[in-house]
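One-letter residues, chain by chain:
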Amino acid sequence: MRLPKYLPELPFFLLMLVRCCKGNCNFSKGYVCELATIDFGNDGFYKLRAAVNSIKPSQVVRIRRLLVPNLISGPFLLRLALLAKSIIYDVYRDSVFLFPANVDITELTLRNASSLKSFIIGGECRLRLLVIEQSSLDHIPQMVDKVRGLRIIWLTYSLLTELKLDAFLNASELMLVNVAFNQITRLTLSNTRGNSSLVELNLEGNRLEILDMSLFVPFVRLDRLTLTGNRLKQLASTKTTNFPALKALTLERNNITDLSWINQLVLSQLKVLMLTDNAITQLPITWNTLPKLITLGLQGNRLRTLDISWFRSLKSVEQIYLLKNQLETVYSSGPAFRWPSLKLLNLSNNRISKLNLTGCQMSNLFTLVLHDNLLQRIPPGIFQQNPVLSLAIRNNPLKCSSLEQFRVQLVARKLRPAFEQANSGKTCSNTLLRISEINQTICCEA
């Protein structure tokens, strides 16, 4: 589990895998102090306390076999909380987990909890991090807004089909919700007022098909929204929707075909927009609401033609990824324009046979990647327009006569076609062009 940067890694402690402050161990190696059997029906609590008091602060206590007279949660958790602030069940087999009132711990983790169907919070308590993985829960535990100090809810690989966003609206300290890899088909919100501190919401690997983005309006601090691996065909908004803090929107591996919705969203702080592996066939002519966008990922879509002038309103973009589309022609239409922010443009693994960037001056374009296309000639004026450019263009049927005109760039390694590598067994199957200044041979067409 990767913790977000705003929550430092916690000192773990107890149960099937636990780490904390100080065991008379049956086995000890590195960070692990292993106890074979702890029987809470006899003197197990005192043996465990003695172990805890003797180990080093950075060690982990692993209990191989834990025997308890009743439930392994509820009042039993109160006893464990006397020994540890972080409790991790590597395997949880009960159908119910009781989180009693007055418990004060930092972390509770339940893994491999396929029988778990109910998580009951008994009253006011304190918890910073709740992690439940591989369970049969079909809802967010009720009363999470009553848990003081709760910063993270991590409920993944479970059976949620609906996510009620109201559950997070008044949890004023909650910063991250991860409900990835459930079966969520719809989001709902009945109230628009609250004091949410939610910064990150991860909905990866669910079953959403249509999403009304206006549902997220009350979450004014939302910084990162992940919707990768759903079944989204479209995003919509019933009205112009403002996201004043959103910096990263990830929509990879969906079924999105067009981006007409993008200009309904006000994304004044967005820096990363990832649309990889969708079914997009057409790009917007304008992107008016993305003044701070830095990275745009469009690889793995179905674009056939690209007019660079469509990006002219993206004045802050530094990296655009368009590899693995179906591009055949790339050009720039309309009035000439300057695009000084762009540093990387990746157009590899397409079918490009025509590329002309005349009309778009990209003075700081450092890397243009054109591997695995159908270009026969180096694009005209490419180095004059872009003085710092490094052009990577392997696996194209380039004419030797075209490459010969760029000997200066070849010697300076500013132009990088396919070089013969006889020592590694990679030899040219066609014509060779010898560049004696750098002792290299280029594979090219006659």
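Conventions used here
Residues numbered from 1 in each chain as written. Predicted model: local features only at pLDDT ≥ 70, side-chain atom pairs only at ≥ 80, totals over all residues. Heavy atoms only, no water. Helix = DSSP H or I, 4+ residues; strand = E, 2+ residues; numbered from the N terminus. Buried < 20%, exposed > 50% of the residue type's maximum accessible area, 1.4 Å probe, protein only. Areas by Shrake-Rupley, 256 points an atom, 1.4 Å probe, with all protein chains shown as cover. Arc of directions from axis to C-beta. Contact = heavy atoms within 4.5 Å. Salt bridge = Lys/Arg side-chain N within 4 Å of Asp/Glu carboxyl O. Polar contact = N/O pair within 3.5 Å; in protein donor to acceptor, adjacent residues only side chain to side chain. Core = buried A, V, L, I, M, F, W, Y, C linked by side-chain atoms within 4.5 Å. Phe/Tyr/Trp six-rings, centres within 6.5 Å; stacked < 30°, edge-to-face > 60°. pLDDT = per-residue confidence, 0-100. Pairing = 2+ DSSP bridges.

Considering the overall build of the protein chain
- In terms of helices and strands, the protein chain carries six helices and 36 strands.
- The buried share of the protein chain, reckoned over its 446 residues, is 53%.
- Approximately 20300 Å² of the protein chain is accessible, and the part contributed by carbon and sulfur atoms is 48%.

Structural notes on helix 1 (residues 44-54)
- Buried residues of helix 1: Gly 44, Phe 45, Leu 48, Ala 51 and Val 52, and no others. Seen along its axis, helix 1 keeps its buried residues to an arc of 125 degrees; they face one direction. Of the exposed residues in helix 1, those oriented more than 90 degrees away from the buried face are Tyr 46 and Asn 53.
- Buried positions along helix 1 lie against strand 3 (32-39), strand 4 (60-67) and helix 2 (75-80).

A look at the pattern of salt bridges
- Under the counting rule described, the total for this entry stands at 11 salt bridges.
- Its salt-bridge partner being Asp 43, residue Lys 47 comes within 3.9 Å of it at the nearest N-O pair.
- Here Glu 404 and Arg 407 are joined by a salt bridge, their closest N and O atoms 2.7 Å apart.
- We classify Glu 404 as partly exposed; its relative accessible area is 35%.
- Salt bridges here are not isolated pairs; linked through shared partners, they connect Arg 62, Asp 90, Arg 111 and Glu 133.

Let's talk about the environment of Arg 224
- Turning to its location among the elements, Arg 224 is positioned in strand 18 (residues 224-226).
- As a C-alpha pair, Arg 224 and Leu 198 span 26 residues in sequence and 9.5 Å in three-dimensional space.
- Setting aside residues up to four positions removed in sequence, Arg 224 forms contacts with Val 199, Glu 200, Leu 201, Leu 246 and Ala 248.

Structural notes on the environment of Ser 237
- Mapped onto the fold, Ser 237 is located in the loop between strand 19 (234-236) and strand 20 (241-242).
- Counting along the chain gives 26 residues from Ser 237 to Leu 211, while the straight-line C-alpha distance between them is 8.2 Å.

What about the side chain of Thr 109?
- Mapping Thr 109 onto the fold places it in strand 7 (residues 107-110).
- At 2.5 Å, the side chain of Thr 109 and the side chain of Glu 107 are in polar contact.
- Those residues in contact with Thr 109, other than ones at most four positions away along the chain, are Ile 87, Ile 88, Tyr 89 and Val 131.

Overview of the nonpolar core
- Among the nonpolar cores identified, the biggest contains 131 residues, and Tyr 89, Phe 99 and Leu 108 are the most heavily contacted of them.
- Broken down by element, the residue count for this core peaks at four residues, all from helix 1.
- Val 131, Ile 152, Trp 154 and Leu 176 belong to the second largest nonpolar core, which has five residues in total.

Describing the packing of aromatic side chains
- The final tally for this structure, using the stated rule, is 13 aromatic pairs.
- Taking the centre distance of 5.6 Å and the plane angle of 90 degrees together, the rings of Phe 45 and Tyr 46 count as edge-to-face.
- Accessibility expressed as a relative area gives 9% for Phe 45, which makes it buried.
- Judged by centre distance (6.4 Å) and plane angle (40 degrees), the rings of Phe 337 and Trp 339 are tilted. Of the two residues, Phe 337 and Trp 339, neither departs from the other in class, the shared state being buried.
- Joined through ring pairs, the aromatic side chains of Tyr 89, Tyr 92, Phe 97, Phe 99 and Phe 119 make up one cluster.

Focus: the confidence of the model for the protein chain
- For the protein chain, mean pLDDT is 87; residues scoring 70 or higher make up 89% of the total.
- Between residues 1-23, whose pLDDT stays under 50, and residues either more than four places distant or in other chains, the model counts 102 contacts.

Examining the pairing of strand 5 (residues 86-89)
- A two-sided burial pattern is seen for strand 5, the buried positions comprising Ser 86 and Ile 88 on one face and Ile 87 and Tyr 89 on the other.
- In terms of strand pairing, strand 5 meets strand 7 through four bridges, oriented parallel. Its bridge partner being in strand 7, Ser 86 is matched across the sheet by Glu 107.

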